Structures are given as C-alpha cells and as structure tokens.
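What the coordinates show
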Amino acid sequence: MIATLTALLLAACDPSNILATSDDSIPTQLSIVASSLPEDGELFLGESVELEAELRDQRGRLIQDQSIKWASSDPAVATIDRHGELVGVAGGTTTIQASHRDITARVDIDVIAVASLTVSPESAELEVGETKELTVTGMRTDGEALEASRLLWSSSNPGVATIDGGTVIAHAPGTAVVSVEAGELRAQSTILVVRNDSGGTNGGSSAQRTVKFFVDASSGFDEWTRSPTPEQQEWMREHYFRMLTYSSYFDSRLSWYPTAWVYKDAYAVYGDSEILTQHPDWVLKDAAGNRLYIPYGCSGGSCPQFAADFGNPQYRQWWINRLESTMAEGYLGVWVDDVNMLWRVGDGNGDSVTPIDPRTGTPMTLDDWRRYMAEFMEEIREAFPEKEIVHNAIWYADSDDPYVQRQMRAADFINLERGATDRGIRGGGGRYGYETFLAYIDQVHAMGNFIVLDDDDSDTDAEWVYELATYLLVKSGDDMIGADEIRTRINPENFWEGYEIEMGDPLGGRYQTDGLFRRDYQCGTVVLNQPEEPTRTLDLGESFLVVGGGGASVSTVTLDGYRAVVLIRENCTP
C-alpha cells in the first residue's frame, strides 16, 4: 500500500484573529516526517521507528517546542507513545495521527507479519579476500515474498567478515555470524574465514601483522583512493587495518575497502549548516548572547566551527539521525572527533570562554559539560550497537572521573591524537607524564577496548621509531598505529619498513630494566627511554638487527631520553 500523508486544517483560522494577535508566528501547518519509514508505509511486526512531526507557521517557518499528541486508529495493529515511538504489534493497517490543537496530520501504516525466514548456506568457509552470496527466502503471512530491500543485515565480527546486501566479504581469519532480520524473525549463517594458500594477501591479512596500521584518508590521500587499480586496492586492504574516510566521497569506494570508519565531529557546527538558520538555539553562547566556537583555526575574530550545545536532546537526535543515513552506505564504524572531556569552547580569538548552560541559564560547570558529553556518547553507542565507535579523546582529562569513564566505555577505540610523540608529554608520572600516558592506555585495555596511536607530530626517523616502540610496548588485540607523513612513509608507493616487521606474539607485558622500558616478542624486542631521562645503556645478551638501521646488528644499546630502538632477531620466523 502506498503511504498517504495528509495534513488537515480542521478548523479554519479567522483572519481577524490573526491580525488581532501580537505574535506573528501562528501554527497553520503540521506534517509527519517519516524519513525512517520506507516509501510504501510498511512496518514489520515487532519493528519500531520514531516518527517526528513538524509544525510551521503561515509563512512556512518551523515552530519549535510545541506539544504534539500522537494516536493510532487501531492500537491492536500498531501503538505509538507520546514521543512518537511507533511499534508494529500485529498484521493489519492503521492510521497514525499527529495533532496540535485543531491541526492534524495522518499517515497510513501497514504492519507486515513475517511467516518464515531462512538463509543458505547456514555455514560456509571462505579464504581471506573471498566473497560469497547468501540466499534468503522469506514469506509474509499474506503469502507474498519478502522484498530484499526490506531485510536488515549485520555481522557479529566485521573485522573478520562484513556483509553487503547479502554478499559476505572475508577480511581476516576467524569466525563471524552473519544475521538477516525481518521484523521479529532472524536467520543466521556462520562464516569461518581462513588464510589462503598464498599466506593471505587481501584486506584481512592486515589483521595478522605485528603492526596494525591506521590511515587518515583525508583529501591529501585522494591520489591513492580516487581511482586505484585492483592491485592498489588489494595493497591497501592488506596494509591498512582501518581507514578514516569522509562521506560522501568515500561512499562509492566501500566496495573495495569495506572496513572504513567515517568521520563525524561531536559538536562542530560549520558556517553553512542548517543549524544556524533553523536551530540557532543549538549553538552555545556566552553571557552576552554571543555564539561560541570550538577554538581551532581561529583568525580575525572567528573560527571555522561554532560549538553546538551537545547537552540539547534535540541536537543529539538530529546528529544521530544524520549519522544513521551515512552509516547506511555500509561503513564499518564512525570516528567521532572532539570527544572533549575538558573545556574546548571559546570566542573568535580562540580564548577559552565558559558557556551559559541553556538548561539552567547560568554558567555551565565542568561536571555538566562532562555529563552531557558522556550521555551523548552513550546515546550514540545505543543507536549503533553493532558498529565500531572511535572517540578522538583527551587522555589527560582525569580518567578517574566517573563521567570520563562512561565516555571511555561508550567507545570501542580511543584515538590518541599526536600519539606518544606529542611534544607536551613529559617524563614520569605527572599529569602529562609518559608513565601516565601508558597507564591511561592500560585503563582503556582493562575496559575491553583498544587504542589508536595517531602520530601526527613526528618529523624525524628517530621519532618514527619512538612511536613504533611505544605501540609495541602497549600493543594488545586490535590496537593500531597511524601516521601523518602521507608522502614519506604511509602510502602505497612509499611505506616505511618499520610498519612491515613481523615479530610474532609478545612473550609478556612491558617491564622496566635499568631505568628503561622493554618488551620482548618471539622474534624481537623493543627498548625505550622516556622523555627527560638521562642517557642509559643496556646489554641485550644477544645480537639483534636494528629496525631502520640499514642492516646494523647490535648486542648493546645506548639511548638518550625520548629515544627508542626496535630490534629483530635474525633468521626468526614467528
């Protein structure tokens, strides 16, 4: 049935009444925004969607904060609560009505009951890089076949295998359960992914490397993602464990690189955003009513990004709705920027300013700032339970704070911008100390999550080695390392040898010896001297090849502060 959406003005407005009021914004139009519903107005039994209604005045302007009442003509078919949450209860047709005073809008909804749903094969074994088409058979209770476009696919382990419209793509050795859902029914296929005979050359082999590499595919990287050859596509799948990408540019490229994260800022409002015209109250302001900014790239009294009020539930829902549309393209996860648990809001000169909290009318407290951000991140987690979520967060923002811990738990990965080569990291265990930095990473691991050492500060070979050494000291599970030197060390034509090393499994955790940090692997070891420490020497007890050392072999290392060495045992195969 084609959905019918009508807005009815049941009582005509008397022009004399309009002229008599001092308020020139009079509600005259009501419509239901049904973007989350399919065009044919069909809802599966057990499926739920949240409807929204828009109220506009006689000039077509949106009116905020007006109460809307919802009703279903047949609650036995579908119910709707006061928030617009619509749930299919039984097969049949009902009319949903939204009303404000004497203005109404209606939409007809068909609730479809599913009689059967199966997927074949129920299990399959694929080699890394292979694809396989799954076949779904589904029937409605009225005897009609289910449409493929109405099915919801998911993978329990996207790092092993992803699913795109019924096509399984194998990425790394392991097991993933692929599910297809239609209303209350679900069918599953268990996918076992194994290495191919050549040792694995496609995207999944990146998961088996000692170094799992992350790349920010910003506009400077377009040279390699715009029109790559099949061989280049294969190389990127092999070497990049995850890629940070940008919609809509990368939407069409997910077919050859499906394990991509999409970028989205938590509270940046750009100058061309609809928020500035339609929802100006969503922007934080100072006590004088001036709009505030995220203090980045400021010049001439303004900054590129206004600061949104992420404590506003309407803004958060708008943000999540936008992300849902983007994620529907097939992204593996979202990389959320500016998950700031410290003040990051200011004036056009970049100077910090405490915003007025719109909910209290008084200066916002840091506790409330953190609470609003933590709640927002938890809502994102709830909205995308099967997607990977990355927070670009501040590691020194008091990780013992309960709101900071809630934020950390709402992510799968914490991105550590500037990594261990951040010029602000000092030696020792102070707030900005290297040992505090490592302890924060340990805390992330204890929560069952992983980190990305996103190094964009290194300028020298020694710093590249220092960042890699830190990564190997803390590495656990799906931890990653990234770099910003697009031209010199991370692209398909010039990839640094340090990221290609094969050291096998770690033999234990990191430890300290003679004032140095060390961690041993099956086929190597790593030694690091943290910042501001005196020069130290260590006898290794055997000879190793120096990574980045041009084939040099050493049995003793001498390291200044803020220096490290990564060593490979000769003729060792993990």
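Preceding block: the structure.
For the structure given in this document, a descriptive report is provided here. Predicted model, so just to flag it, every value in this text is computed and none were measured.

In this section: the packing of aromatic side chains. Aromatic ring pairs are reported here in terms of the distance separating the ring centres and the angle at which the planes meet. Throughout the structure, instances matching the rule amount to 35 aromatic pairs. Clustering of aromatic rings is evident, with ring pairs tying together Phe213, Phe221, Trp224, Trp235, Tyr240, Trp464, Phe495, Trp496 and Tyr499. The ring of Tyr372 carries the charged tip of Arg359 above its face, separated from the ring centre by 4.4 Å.

Turning to the sheet that holds strand β17 (residues 167–170), a few remarks are in order. Whenever strands of a sheet pair, they do so through backbone hydrogen bonds, lying parallel or antiparallel. Pairing in this open sheet of 3 strands is antiparallel, and the strands run β13-β17-β16 from one edge to the other. The two strands at the open ends of the sheet, each matched to only one other strand, are β13 (131–133) and β16 (161–164). Neighbour-to-neighbour, the strand axes of this sheet turn through a mean angle of 20°, independent of strand direction. Pairing geometry for β16 and β17, over 4 bridges, is antiparallel. Bridge assignment links Thr162 to a residue of β17, and that residue is Ile169.

Regular strands have side chains that alternate between both faces of the sheet. For strand β39 (residues 563–568), the buried fraction is high: 5 of the 6 residues fall into the buried class. For strand β36 (residues 524–529) and β39, the ladder comprises 6 bridges, and the chain directions are antiparallel. Bridged to Thr525 within β39 is Leu567. Two strands pair when backbone bridges link them, and strand β37 (residues 536–546) and β39 are joined in this way by 2 bridges, in the antiparallel orientation. Residue Val546 lies in a different strand from β39, and its bridge partner there is Leu567.

Here we take up the sheet that holds β36. Spatial strand order, β34-β35-β36-β39-β37-β38: 6 strands in an open sheet with antiparallel pairing. Here the strands that pair on one side only, and so sit at the sheet edges, are β34 (511–513) and β38 (553–559). Strand-to-strand twist in this sheet, taken as the mean axis angle between neighbours without regard to direction, amounts to 30°. As paired elements, strand β35 (residues 516–521) and β36 share 5 bridges and run antiparallel to each other. Bridging across to β36, Arg518 finds its partner in Val527.

On to the state of the cysteines, then. Inspection of the entire model under this criterion finds 2 disulfides. Disulfide pairing places Cys523 opposite Cys572 at an S-S distance of 2.0 Å. Classification of the bridge connecting Cys523 and Cys572 rests on its S-S torsion, roughly -65°, and on that basis the disulfide is left-handed. One end of the pair, Cys523, is in the loop between β35 and β36; the other, Cys572, is in the segment after β39, with 49 residues separating them in the sequence. The class of Cys523 is buried, set by a relative accessible area of 1%. Counting only the cysteines that take part in disulfides, in the order they occur along the protein chain, gives the pairing 1-2, 3-4.

Here is what the cut-offs are and how they apply
Residues numbered from 1 in each chain as written. Predicted model: local features only at pLDDT ≥ 70, side-chain atom pairs only at ≥ 80, totals over all residues. Heavy atoms only, no water. Phe/Tyr/Trp six-rings, centres within 6.5 Å; stacked < 30°, edge-to-face > 60°. Lys NZ or Arg CZ within 6 Å of the ring centre and 35° of its normal. Pairing = 2+ DSSP bridges. Helix = DSSP H or I, 4+ residues; strand = E, 2+ residues; numbered from the N terminus. Axes fitted to C-alpha atoms, helices over the stretch in contact; angles between N-to-C directions. Buried < 20%, exposed > 50% of the residue type's maximum accessible area, 1.4 Å probe, protein only. Disulfide = S-S within 2.5 Å.

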